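These are the residues of each chain, in order.
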Amino acid sequence: MRHRLLVPSLLASATLCLPGLAACSQGSDSSGPTTQAAETTGQSPSADKGADGGEDAKSGTASAKADDKDLEGKVIAVDPGHNGGNAKHPGEINRQVPDGRGGTKACNTTGTSTNSDYPEADFTWAVAKKLEKSLTEAGAEVVLSRKDNKGVGPCVDERGTFADDADLLVSIHANGSESSSVKGYHVIVADPGEDEKTEKASVDLAKSVGTSMGEEFTPNKAYGKDAISRRPDLAGLNNASVPAVIVECGEMRNPSEAELMESKSGQKKYADALFDGIVDWF
Ligand SMILES: [Zn+2]
């Protein structure tokens, strides 16, 4: 258990990045193995078009739930995919790290971007901070995988282990299918999971988050009827010992979804949808 960082009193309303832990200083990226498909860049289930995307989420519900303090005592790990400084440190993000399946894969990737060059790392960071705020207001302790959007890393293996004591882990990404017509979100779960119990909890979390996302955004059913896909190649998920999902919020090259992702109001909608899915899971 490498990183046990939860110091309740500190976490209560903050975000820890585990200083001293690799998580804060190393590579980056969220997902893993496939960096692309699901995690980072985006490909699609079948070829390489990506999928996922979203449209909007709600906000009233989140606020109402937050006021209720539904999450008192819960510890939630939030992983904003990639990092703002990854592109400037190719040597670091390309180094090989454990993929959680006996092999290795690149530490991280730069992630994708919209056609106007708005980076995935900026989007995931913005959504994560908004989600952190809502979760904290609802009484939860939030642990972030990185402390800002300027550095490099952590590597994908650490994206799964930075909060081993959390009740759940949500890794935030956006997909980068080449075709601008591809649209919609999808949720990814490790296949298999850490153990039977954790795997079932992860699938339930994916269903819960998928359902809340589906109330405001478009599901990409190319990944399954519920827009949930099971993958063995994502290091972040493979290395997680708590219920964990990667949420590919949408397609950054799809004009309508890109517009949402680049706007503060759109980012809030994504954060609210994730918040609702987390609350519902508990
Ligand atoms: Zn990504």
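Everything below is about the structure shown above.
In this text the structure is predicted, and so the values were computed from the model without any measurement.

### Focus: the sheet that holds strand β7 (residues 228-231)
Then, in step 1: In spatial order, the strands read β4-β1-β5-β8-β6-β7; together these 6 strands make up an open sheet with mixed pairing. Looking at which strands have only one partner, the edges of the open sheet turn out to be β4 (141-144) and β7. Neighbouring strand axes in the sheet, compared pairwise and without regard to direction, differ in orientation by 25 degrees on average.
Then, in step 2: Two strands pair when backbone bridges link them, and strand β1 (residues 75-80) and β4 are joined in this way by 4 bridges, in the parallel orientation. For I76, the partnering residue across the bridge sits in β4 and is V142.
Then, in step 3: Packing against the sheet, helix α5 (residues 120-137) makes contact with β1, β4, β5 (168-175) and β8 (244-251), and its axis sits at approximately 145 degrees to β5.
Then, in step 4: Across the sheet, helix α9 (residues 264-281) lies against β1, β5 and β8, angled at about 150 degrees from β5, the strand it touches most.

### Observations regarding the state of the cysteines
Then, in step 1: Per the counting criterion, the structure on display carries 1 disulfide.
Then, in step 2: One disulfide bridge connects C107 with C155, the sulfur atoms lying 2.1 Å from each other. Its S-S torsion of about -90 degrees marks the bond between C107 and C155 as left-handed, since a negative value means left-handed. With C107 in the loop between β3 (104-106) and α5 and C155 in the loop between β4 and β5, the pair connects residues that are 48 residues apart, well separated along the chain. C155 shares its class with C107; the two are buried.

### Quick look at the pattern of salt bridges
Then, in step 1: Taken as a whole, this structure holds 9 salt bridges when the rule is applied.
Then, in step 2: Note that D79 and R159 form a salt bridge whose closest N and O atoms lie 2.7 Å from each other. Separated by 80 residues along the polypeptide, D79 in strand β1 and R159 in the loop between β4 and β5 bring together distant segments of the chain. Of the two residues examined, D79 and R159, each falls in the buried class.
Then, in step 3: Two residues, D233 and R231, come together in a salt bridge whose shortest N-O distance is 2.7 Å.
Then, in step 4: In this structure, a network of salt bridges that share partners links the residues D191, E199 and R230.

### Overview of unusual backbone geometry
Then, in step 1: At the junction of G153 and P154, the peptide bond is cis and its omega measures out at 5 degrees in the coordinates.
Then, in step 2: The step from D191 to P192 runs through a cis peptide bond, and the omega angle for that step is 0 degrees.
Then, in step 3: Among the secondary structure elements, P192 is positioned in the loop between β6 (186-190) and α6 (196-214).
Then, in step 4: Even without glycine at this site, A227 takes up a positive phi of about 60 degrees.
Then, in step 5: On the secondary structure map, A227 appears in the loop between α6 and β7.

### Structural notes on α9
Then, in step 1: The end-to-end C-alpha distance of α9, which contains 18 residues, comes to 26 Å, matching closely the 26 Å that a straight helix rising 1.5 Å per residue would cover.
Then, in step 2: Turning to α9, its buried residues number three or more, namely G266, Q267, Y270, A271, D272, A273, L274, F275, D276, G277, I278 and V279.

### Quick word on the side chain of H173
Then, in step 1: Mapped onto the elements, H173 comes out in strand β5.
Then, in step 2: With a relative accessible area of 0%, H173 lands in the buried category.
Then, in step 3: Separated by 3.0 Å, the side chains of H173 and E120 make a polar contact.

Definitions and cut-offs
- Per chain, the residues get numbers from 1 upward, laid out in the order the sequence is written.
- Selection of residues for local features in this predicted model requires a pLDDT of at least 70, selection of side-chain atom pairs for listing and counting requires 80 or more, and totals for whole chains, interfaces and linings are taken over all residues.
- Think of the side-chain values as coming from all heavy atoms in the structure, minus any hydrogens and water.
- DSSP-based pairing: two strands are paired if at least 2 bridges between them are found.
- Secondary structure is summarised from DSSP: a helix means a run of H or I of at least four residues, a strand means a run of E of at least two, and numbering begins at the N terminus for each.
- In this analysis, axes come from line fits to C-alpha atoms, helices being fitted only over the stretch in contact, and the angle between any two N-to-C directions falls in the range 0 to 180 degrees.
- Only heavy atoms enter the contact rule, under which two residues are in contact if any of them lie within 4.5 Å.
- The disulfide definition used here is simple: a pair of cysteine sulfur atoms within 2.5 Å.
- Residue exposure (1.4 Å probe, protein chains only): buried if accessible area is under 20% of the type maximum, exposed if over 50%, otherwise partly exposed.
- Here a salt bridge means any side-chain nitrogen of Lys or Arg lying within 4 Å of a carboxyl oxygen belonging to Asp or Glu.
- Here the expected span of a helix is defined as 1.5 Å times the quantity of residues minus one.
- Whenever two N or O atoms come within 3.5 Å, that pair is a polar contact, provided that in protein one can donate a hydrogen and the other can accept it, and provided that, for residues adjacent in sequence, both atoms are side-chain atoms.

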